[in-house]
Amino acid sequence: MKKIMAINAGSSSLKFKVFNMPDESILIGGVFERIGFDAPEVSYKINGFRQKEKPPIHDHRDAADYLIEILLKNHIVDDLNEISAVGHRITHGGSDFSDSAVLDRTVIQKIENLCELAPLHNPAGLLGIRTFMKRLPKACAVAVFDTSFHQTLAPETYLYPVPLKLYNQYHIRKYGFHGTNHQYVASEAALLLEKPLKDLKIISCHLGNGSSICAIQGGKSVNTSMGFTPLAGLMMGTRSGTVDPSIIPFIMKKTGHTIDEMMDMFNKESGLLGISEISNDFRDVELAAKAHNEQAELAIKMFVNRVTECVGGYVALMGGVDAIVFTAGIGEHSASVRQAVVSNLAYLGAKLDFQSNEENGPYIHTPDSKVSLLVIPANEELMIARDTWRLSEGQAARLSEKQTVRV
Ligand code: ADP
């Protein structure tokens, strides 16, 4: 058994899980929040017991040191060398990575170059990589990219109908994100349905604060709703999703907003928050809608419409669908969103079992439904651990082969 740590570093957060591999049991899982702000917090769970602490940390480096203290004092490890590999979630792998990769100087340089495409996300991932490579220098380090799963998209899907030279010069194309979770739920769906993944057409609806949908045929991503950046596609918590691009220069001319202010407006002030003017948190918007707040009702209708449009489009593209999966915060917990989406898909013969929908699944279709409907909790950390295990074992085997040859 080997201990593998999965790290998901955000701009002010750091999620972690340590797994025993290959049996995939979780030794500890938790999250640091509000890093770099007042009163940062860490909460973690060991053997079902949750702990909350207020660590004296200022940045990600302090958080990594504190995490190592947590691992030692709780005897998750008694020696840091027991962690054989660390896997890092990296948002943007561009066209360079169609699989996860063992981190070396070249890979780190490529991730650095990709910061231009993901200025909000890749720098946090790099910070996590550098911090843990220093703290755990003997552990194999692996990068797991949100974009890799979508590298199977065909050119007619990933290209935008703009001058082709923009792709050739600047790599402007659809990359897609949330790939780690879309891939995970597809493989879980095949297990739940007891059918080979290669024979299935699946639509994965990852509905969280950030939301995207993926069409998966034979285990491969064939289309997805996010694009060049995670701003495209569905309506999200604070992101607009896809809008007519002419709106941006129009507003700039009218208001004198700068391009950075416009990007803030579309990334941070739009979506559920922008329409409801209440919150980006779906629970708050749902509560307000129940109290007949009209803007909250409108926001939810718009959210559901966009999901419906996208699912319908992907059914057409794949020529049918075997299973629709709901995952991530809203997908896993909001019975009313699932009900609204499925009722829009009645034309496909999709029928909801109301009782199991209220209980959050995993199977939420009736026996006579023509489409399987599933709720599968997101588990990006497990996918990170699986890839990290696979690649670190491969590297260990190569190293021992080299040593044998030398001997
Ligand atoms: P992120 O994209 O940040 O990882 P999550 O997958 O955690 O987001 O999803 C967060 C969203 O899930 C929030 O909008 C939150 O309101 C919503 N959510 C969480 N629990 C529930 C619930 N019980 N009912 C409805 N929405 C929920």
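Residues numbered from 1 in each chain as written. Predicted model: local features only at pLDDT ≥ 70, side-chain atom pairs only at ≥ 80, totals over all residues. Heavy atoms only, no water.

### Some points on the overall build of the protein
When helices and strands are counted, the protein shows 15 helices and 13 strands. Here the C-alpha radius of gyration of the protein, 22 Å, is about what a compact globule of 407 residues would show, namely 22 Å. Oriented by its inertia axes, the alpha-carbon framework of the protein measures out at about 65 × 55 × 45 Å. Put simply, the protein has 407 residues, and 51% of those count as buried. For the protein, the proportion of contacts with a sequence separation of at least 24, taken over those separated by at least 6, is 60%. Of the roughly 19,700 Å² that the protein leaves accessible, carbon and sulfur atoms contribute 54%. Of the side chains in the protein, 41 bear a positive and 46 a negative charge, and the two mean positions are spaced by 4 Å. (Helix = DSSP H or I, 4+ residues; strand = E, 2+ residues; numbered from the N terminus. Rg over C-alpha atoms; globule rule 2.2 N^0.38 Å. Buried < 20%, exposed > 50% of the residue type's maximum accessible area, 1.4 Å probe, protein only. Contact = heavy atoms within 4.5 Å. Areas by Shrake-Rupley, 256 points an atom, 1.4 Å probe, with all protein chains shown as cover. Lys, Arg positive; Asp, Glu negative; His and termini not counted. Charge placed at Lys NZ, Arg CZ, Asp CG, Glu CD.)

### A look at the UniProt feature "site: Transition state stabilizer" (unreviewed entry) in the protein
The UniProt record annotates "site: Transition state stabilizer" (unreviewed entry) at H178 and R239. Judged by its relative accessible area of 9%, H178 falls in the buried class. Setting aside residues no more than four positions away along its own chain, H178 makes contact with R89, D146, H150, H206, G210, S211, S212, M226 and E380. Within the secondary structure, R239 is located in the loop between β11 (220-224) and α7 (247-255). Discounting chain neighbours no more than four positions away, the residues touching R239 are G210, M226, P230, L231, F266, N267, S270 and G271. Within the structure, the side chain of R239 is placed 2.9 Å from the backbone oxygen of P230, a separation counted as a polar contact. (UniProt positions renumbered as here; feature names shortened; annotations may be inferred. Polar contact = N/O pair within 3.5 Å; in protein donor to acceptor, adjacent residues only side chain to side chain.)

### Things to note about the sheet that holds strand β10 (residues 211-217)
Read across the sheet, five strands follow the order β11-β10-β9-β12-β13 without closing on themselves; strand pairing throughout is mixed. In the strand order of this sheet, the two ends are held by β11 and β13 (372-375), each with one partner. Sheet twist, expressed as the average angle between the axes of neighbouring strands with direction ignored, equals 25 degrees. When β10 meets β11, the two strands line up antiparallel, connected through four bridges. Paired with Q217 across the two strands is K220, which belongs to β11. Sheet strands in contact with helix α6 (residues 179-193) are β9 (201-207), β10, β11, β12 (323-327) and β13, and its direction is about 130 degrees off that of β9. The strands touched by helix α13 (residues 335-344) are β9, β12 and β13; relative to β12, the strand with the most contacts, the crossing angle is about 155 degrees. (Pairing = 2+ DSSP bridges. Axes fitted to C-alpha atoms, helices over the stretch in contact; angles between N-to-C directions.)

### Description of the site of the ligand
Residues in close proximity to the ligand total 13 residues, the closest being N209, G210, D281, F282 and G329. Within the backbone of G210, one N or O atom sits 3.1 Å away from an oxygen atom of the ligand. Between the ligand and the protein, one listed contact pairs an oxygen atom with a side-chain N or O atom of D281 at 2.4 Å. Within the shell around the ligand, the residues separate by chemical class into three nonpolar, seven polar and three charged. (Near = heavy atom within 4 Å. Nonpolar A, V, L, I, M, F, W, Y, C, P; charged D, E, K, R; others polar.)

### A look at the state of the cysteines
Summed over the entire model, instances satisfying the criterion amount to zero disulfides. We note that C205 lacks a disulfide partner, and the nearest cysteine sulfur, in C310, lies 7.6 Å from it. (Disulfide = S-S within 2.5 Å.)

### What to know about the nonpolar core
I203, L207, I213, F303, V311 and I324 are the most contacted members of the largest nonpolar core, which has 38 residues in total. Elements supplying a minimum of two residues to this core: β9, β10, α10 (282-290), α11 (294-318), β12, α13 and β13. In terms of residues, this core owes the most to one element, α11, which gives eleven residues. Dropping the residues within four chain positions of it, F303 is found in contact with L207, S211, M235, L272, F282, I330 and V337. (Core = buried A, V, L, I, M, F, W, Y, C linked by side-chain atoms within 4.5 Å.)

### Side note on the side chain of H182
Relative to the helices and strands, H182 is located in helix α6. Within polar-contact distance, the side chain of H182 engages the side chain of S212 at 2.8 Å.

### Observations concerning the pattern of salt bridges
A full pass over the atoms with the stated rule returns 16 salt bridges. A salt bridge links D146 to R89, with the nearest nitrogen and oxygen atoms 2.7 Å apart. One end of the pair, D146, is in the loop between β8 (140-145) and α4 (155-158); the other, R89, is in strand β6 (residues 83-90), with 57 residues separating them in the sequence. Each of the two residues, D146 as well as R89, counts as buried. What you see here is one network of salt bridges that share partners, running through E41, K52 and K54. (Salt bridge = Lys/Arg side-chain N within 4 Å of Asp/Glu carboxyl O.)

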